[in-house]
Amino acid sequence: MSEGREPVLHPPSASAPPGPPDAGGARASAAQRLRRLVGGDGIGAVGLVLFVTIAVLPIAVSLGYALLYSIGAVGLLSDGLTGAHWQVLVQEAEIWRAFGWSLYIAGATVLLAISLALALALGLHRPLSEGPLSTIIYLPLAIPGTVAAFLVFQLFSGAGWMARVALTLGLIDTPAQFPDLVQDPWGIGIIAAHVGLAVPFFVLLFGQIYESERVRSLMELAATLGASRSQRLYRIAVPILLKRAFTNVLLLFVAVLGSYEIPLLLDQQSPQMLSVLTMRKYGLYDLADKPEAFIIALLYTALVGVVIALAFRYGHDAYDV
Amino acid sequence: MQAKRWTEWAGVLVALLLGAGCSGGEAPPPLDLVAVTWDEIEARAEGQTVNLAMWTGDPSVNDYMRGYVDSTLQARYGIDLQISSAQGNQIVSMLMTEREAGAAQSEFDMTWINGETFYQLRQIDALYGPFVEALPNRRYLDLDSRFIHTDFQQPIDGYEAPWGNVQFALIVDTTRVADPWQTREELADWVEAHPGRFTFDASFSGMTFLKMLLIDIAGGGDALAGPFDGATYERHSAALWDYIRRLQPHLWKQGATFPRDVSRLHQLYVNGEVDYTMSNNDGEVDNKVAQGLFPLTSRAYVPAFGSIQNTHYWGIPQRAADKAGALVAINFLLSPEAQHRKLRPDVWGDGTVLDVDALPPPWPARFAAAAEREHAPERSAIQDRAQMELAPEYMIRLYDDFRTEIIEP
C-alpha cells in the first residue's frame, strides 16, 4: 500500500531507491549484497531478520510441511513416499468445483461491493462527510464476519424475518415458498454477507481518497474545459478512486476467496468454498483424507500467488489516466 | 563482520523457532496402574490442573460440567478442572499433530469421545490404558451390556470409560403429525404427501439415521454386525441410495442441501420449516422442552425397524501430563451420584451406564425416579428396538458416499 503516496496523475518516478553507492559491482560478495539490501546499518538488518522470522519463515515452513505431508514424507499414517494423494485429488471434480465456486463468490463480491461503494461514495459524498450518516457508516465496521453471516441467516432464511413479513403480507403460505436466499445454489447469502461487510469500508476509503486527491477540484476543472457529467465521473472520479484503492480491492478479493465463517454458516453442502472444503477434508473421520487437505491448501496458496502476481502485473496501471 | 554476525543471529532465531515447534517440554512421568493404589492416585491428583477437551455445543451439558462437576472435584479432591471446547475430529487432529510434531506432553488430560473418535485414536495409538480396571466405580458399570463394552464393534479393552448411553430417536410435533411414520415405506409415502417437511442433517445424527436405514435394508437385527465387509456394504448401500434418491425431491429444499448438523435441524423444526427432527439421545426431547426450546407437544419415538443405541466415553491421551487427576475425575463422573444427576431430564437427560439394579439402596429407586420422562418412551420400552453401532468403516463410507451419491450427483 506504500504506492498510495505517489501522485496519480503523473507517471510514477523511475528513480532507484536510495542506498549506498554500488561499490563492488557484479563481483560483490553475498554478504556485501545482503548488507546493501538492508541499508548497511543495524536497524535494517534487525528489520529483515524480524520480517524473515515472523512473516516469511513460518509460512515457508508450513508450506514445506504441507508439501511433505501431501506426498507421504511425513504423517503418522503415511506408508512412505507416494504421489497417490495428488493423483486422487486432481481427479476429484469436487476440488475444481470448489475453486470455481470460490472464484465466483470472490469475483461477484468484489464487483458488487465496489460498484455499490463507488455509487454511495460519489452520490452521497456530502452527507457521508458531515452529519449523522458520517458516524453511522462506521458502525458496520465493528461487525465480525460470523455476526454478519448470522444476521443474513436471520433475515433471509425460510423462517427468517423477511419470510415472516412475506407471510404476514400473504405473499407466501409456507417457509418453502420463500425464495432460497441462504444455502442457495447461487451463493446469494454468502455474497450478501461479504458485500455488507465490505461496502462501508470502501465507502470510507473512497471518501478519503476523494478528499486527498481533490477529485472535486479536478472534476470542476474538467467541467470548465467542457467535460460532460458522465465524462467527469467515468474518466476522472472512478479511475482515480479505483486506481488508488487497487491494493485494497485486491485484498478484498483474496480475503473473500479464503473466507471461512461466512460460507460455513451460509453455504450449501456442495459446492463448498475452499476453506470449508479444506477443513472438512482435514477433520473427516477418514484419517487417510488428511493429505488431501494439505494439497488443497497448497493449490489455494498457488492460486492466490497467481492472482496477486497477475493483478500487480496487469491490473496495476489499468486505470492510469 | 557485521553481516556475518546478524546472519548468525538469524540462524539462532530460526533454530529457536523450529525447536519450539518440535519439543513440548518434558515427558510426563509414567503412571503404572498396577504399582500404585487408588489412595496414592487420589493423593497425586490433589492440586493437579486437569485439562478437559469436550464438545460444548449444549448448554445443559456445559452447565452440568461447569456448574457441578468442576466445583465438586475442586471441593473433594482439590482438582482444578479446565474445560476447553473441541469436538471428535478436532481432538483427533490435535492429538495426531502432537504425535507428528513429537510433543512430549498433550494439551489436555482427558477427553469425551465417541465410537468413531475411539477408532481413530486407537488407530494412531494415542490413548492411555487400559485404565478402567483401576477405577473403584467400575464395579457399578454395566459392562455386561454389549452396547457398552463394545464401541462401534470394537471392544473398549479398558482404553475408554463408559459415561453415558443413549438411543437414537425421531422427534415429531404431535400437533403437526398425528401418526408418525414407522417404516421406510411409510416415510416415503409421508414425504411425498408433505413436500419440504422432512430432512436429516449431513453430520453425525443424519449419518446415524442413514445407518439405521441401511441396517433395515440389510434385513435388520445383527445383519451388519461384525467387521466391515465391503461387498455387503456395496450391495445394501446401493439400495439405500436408491431409496434416498426417491425421497430427495420431496425433502427440505428439494434435497439440494441438508442442514449441516443436528442443531440446525432442530432450528428448522422449531421454526416450523420441517415437522421432524432427530436426536442421538432419546432423552434430549424432555430436556429441550424443559428449556422451552421445543414445543410442549413434541414427542420422541423409535420407528418399528429400530434405532441405534450408542455409548459415549472418557479417554485419556497417552501423553497426558496429569493422568492421576484425570483418573480421579473420571471415577467421579461414573459415581452413582454424578450419573444420577446427569440422568435427570431437567439437568441433561443422559442415560446412565451403571447397572442400576445392582446399586446399593437408595440408588435404584432414585434412578427410576430420575429416568421418568414426559415426552419420550421409557428406555425399557425401546430397548428391544435397539440396534448395535456398526463398524466405523460403515460411517466413513456413508459420509463419503452420501456426498458422491446424493449431494453431488
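In what follows, the structure referred to is the one given above.
Residues numbered from 1 in each chain as written. Chains lettered and ligands numbered in written order. Predicted model: local features only at pLDDT ≥ 70, side-chain atom pairs only at ≥ 80, totals over all residues. Heavy atoms only, no water.

Draft legend 1. Representation of the overall build of chain A. Counting its secondary structure elements, chain A contains 15 helices and zero strands. In chain A, which comprises 321 residues, the proportion classed as buried is 40%. When the accessible surface of chain A is totalled, it reaches about 17,400 Å², and 68% of it is carbon and sulfur. (Helix = DSSP H or I, 4+ residues; strand = E, 2+ residues; numbered from the N terminus. Buried < 20%, exposed > 50% of the residue type's maximum accessible area, 1.4 Å probe, protein only. Areas by Shrake-Rupley, 256 points an atom, 1.4 Å probe, with all protein chains shown as cover.)

Draft legend 2. Layout of the overall build of chain B. When helices and strands are counted, chain B shows 15 helices and 11 strands. Once the C-alpha set of chain B is aligned to its principal axes, its extents read approximately 80 × 65 × 40 Å. Considering chain B as a whole, with its 409 residues, one finds that 58% of them fall into the buried category. Long-range contacts, defined as pairs at least 24 residues apart, comprise 81% of the intrachain contacts of chain B with a sequence gap of at least 6. Total accessible area computed for chain B in this model is approximately 16,100 Å², and 51% of it derives from carbon and sulfur atoms. Here chain B contributes 33 positive and 57 negative side-chain charges, whose respective centroids are spaced 3 Å apart. (Contact = heavy atoms within 4.5 Å. Lys, Arg positive; Asp, Glu negative; His and termini not counted. Charge placed at Lys NZ, Arg CZ, Asp CG, Glu CD.)

Draft legend 3. Seen up close, the environment of Thr297(B). All names here are of chain B. Along the polypeptide, Thr297 turns up in the loop between α10 (284-290) and β9 (298-301). Taking the C-alpha atoms as reference, Thr297 lies 8.3 Å from Val172; in sequence the two are 125 residues apart. Not counting residues within four places of it along the chain, the set of residues in contact with Thr297 comprises Val172, Asp173, Thr174 and Thr175. In this structure the side chain of Thr297 is engaged in a polar contact, spanning 2.7 Å, whose partner is the side chain of Asp173. (Polar contact = N/O pair within 3.5 Å; in protein donor to acceptor, adjacent residues only side chain to side chain.)

Draft legend 4. Structural context of empty space enclosed by the protein. Residues and elements named next belong to chain B. One pass over the full model with this rule turns up four cavities of 30 Å³ or more. When its volume is computed, the largest cavity comes out at roughly 70 Å³. Elements with a minimum of two residues in the lining of the largest cavity: β4 (150-151) and β10 (307-315). At four residues, β10 tops the list of elements feeding residues into the lining of the largest cavity. Of the residues that constitute the lining of the largest cavity, the class distribution is four nonpolar, five polar and three charged. Lining the second largest cavity, in full, are Leu95, Glu98, Arg99, Ser106, Asp125, Ala126, Gln318 and Arg319. Of the residues contributing to the lining of the second largest cavity, the split by class is two nonpolar, two polar and four charged. (1 Å grid on protein atoms, 1.4 Å probe; cavity = no way out; pocket = protein on both sides within 12 Å on 5 of 7 lines; lining within 4 Å. Points joined across faces, edges and corners; volume = space filled by probe spheres on them. Nonpolar A, V, L, I, M, F, W, Y, C, P; charged D, E, K, R; others polar.)

Draft legend 5. The arrangement of the layout of surface pockets in detail. Residues and elements named next belong to chain B. Its volume calculated, the second largest pocket comes out at about 660 Å³. Around the second largest pocket, the lining comprises 28 residues; the ones closest to its centre are Thr352, Val356, Arg379, Ser380 and Gln383. Of all the secondary structure elements, the ones that give two or more residues to the lining of the second largest pocket are α13 (363-370) and α14 (379-382). Here the element with the most residues in the lining of the second largest pocket is α13; it accounts for three residues. Residue classes in the lining of the second largest pocket are distributed as 10 nonpolar, nine polar and nine charged.

Draft legend 6. Quick look at the packing of helix α4 (residues 93-123) of chain A against helix α14 (residues 274-283) of chain A. Residue and element names in this part refer to chain A. Running from N to C, α4 and α14 point in directions that differ by 150°, and their axes come no closer than 9 Å. Judged by the angle between their axes, α4 and α14 are roughly antiparallel. Each of Glu94, Ile95, Ala98, Phe99 and Ser102 in α4 lies in contact with α14, whose residues at this interface are Leu274, Leu277, Arg280 and Lys281. The class makeup of the residues in the contact of α4 with α14 is five nonpolar, one polar and three charged. (Axes fitted to C-alpha atoms, helices over the stretch in contact; angles between N-to-C directions. Parallel < 35°, antiparallel > 145°, perpendicular 65-115°, else oblique.)

Draft legend 7. Examining a nonpolar patch on the surface more closely. Together, Leu124(A), Leu133(A), Ile136(A) and Leu139(A) make up an exposed nonpolar region whose accessible area comes to about 340 Å². Relative to the assigned elements, Ile136(A) resides in helix α6 (residues 132-136). (Patch = residues over 30% accessible without salt bridge, like charges linked within 9 Å, V, L, I, M, F, W, Y side chains within 5 Å. Salt bridge = Lys/Arg side-chain N within 4 Å of Asp/Glu carboxyl O.)

Draft legend 8. Summary view of the interface of chain A and chain B. Taken together, the contact pairs 44 residues of chain A with 42 residues of chain B. Viewed at the interface, chain B and chain A are joined by five salt bridges. Across the salt bridge formed by Asp267(A) and Arg260(B), the nearest N and O atoms sit 2.6 Å from each other. In this assembly, chain A and chain B are joined by 12 residue pairs in polar contact (both at pLDDT 80 or more).

Draft legend 9. Highlighting unusual backbone geometry. Of the consecutive residues Ser270(A) and Pro271(A), the connecting peptide bond is found in the cis state with omega at -10°. For Pro271(A), the position within the fold is in the loop between α13 (261-266) and α14. In the segment running from Gly129(B) into Pro130(B), the intervening peptide bond is cis, with an omega of -5°. Positive phi values are uncommon outside glycine, yet Phe152(B) reaches one of about 50°. When you line up the elements, Phe152(B) lands in the loop between β4 and β5 (154-155). Even without being glycine, Asp157(B) reaches a positive phi, approximately 50°. Note on placement: Asp157(B) falls in the loop between β5 and β6 (161-167).

Draft legend 10. Highlighting the pattern of salt bridges. In total, this model carries 30 salt bridges over all chains according to the counting rule given. For Arg244(A), the salt bridge is made with Glu213(A), and the minimal N-O distance between the two is 2.4 Å. In this pair, Arg244(A) is assigned in helix α11 (residues 229-244) and Glu213(A) in the loop between α9 (188-212) and α10 (215-224), connecting sequence segments 31 residues apart. The exposure classification of Arg244(A) matches that of Glu213(A), with both residues buried. The residue Asp346(B) makes a salt bridge to Arg344(B) at a minimum N-O spacing of 3.1 Å. Assessed through its relative accessible area of 27%, Arg344(B) is described here as partly exposed.

Draft legend 11. View of a negative patch on the surface. All names here are of chain B. Together, Asp179, Glu186, Asp189 and Glu192 make up a region of like negative charge exposed at the surface. For Glu192, the location among the structural elements is in helix α6 (residues 184-193). On the basis of relative accessible area, Glu192 is assigned to the partly exposed category, the value being 43%.

Draft legend 12. Highlighting the environment of Val172(B). Residue and element names in this part refer to chain B. With respect to the helices, strands and loops of the structure, Val172 is situated in strand β7 (residues 169-173). Exposure remark for Val172: the relative accessible area of 1% places this residue in the buried category. Sequence separation between Val172 and Val274 is 102 residues, and the spatial gap between their C-alpha atoms is 9.5 Å.

Draft legend 13. Region of the structure containing the sheet that holds β9(B). All names here are of chain B. Spatial strand order, β8-β7-β9: three strands in an open sheet with antiparallel pairing. Of all the strands in the sheet, just β8 (276-279) and β9 have a single pairing partner and so form its edges. Across the sheet, the mean angle from the axis of one strand to that of its neighbour is 30°, orientation sign disregarded. The sheet contact formed by β7 and β8 spans four bridges and is antiparallel. Counterpart to Ile171 in the pairing with β8 is Thr277. Helix α9 (residues 262-271) contacts β7, β8 and β9 of the sheet and is inclined by roughly 150° relative to β8. (Pairing = 2+ DSSP bridges.)

Geometry only, nothing functional implied.
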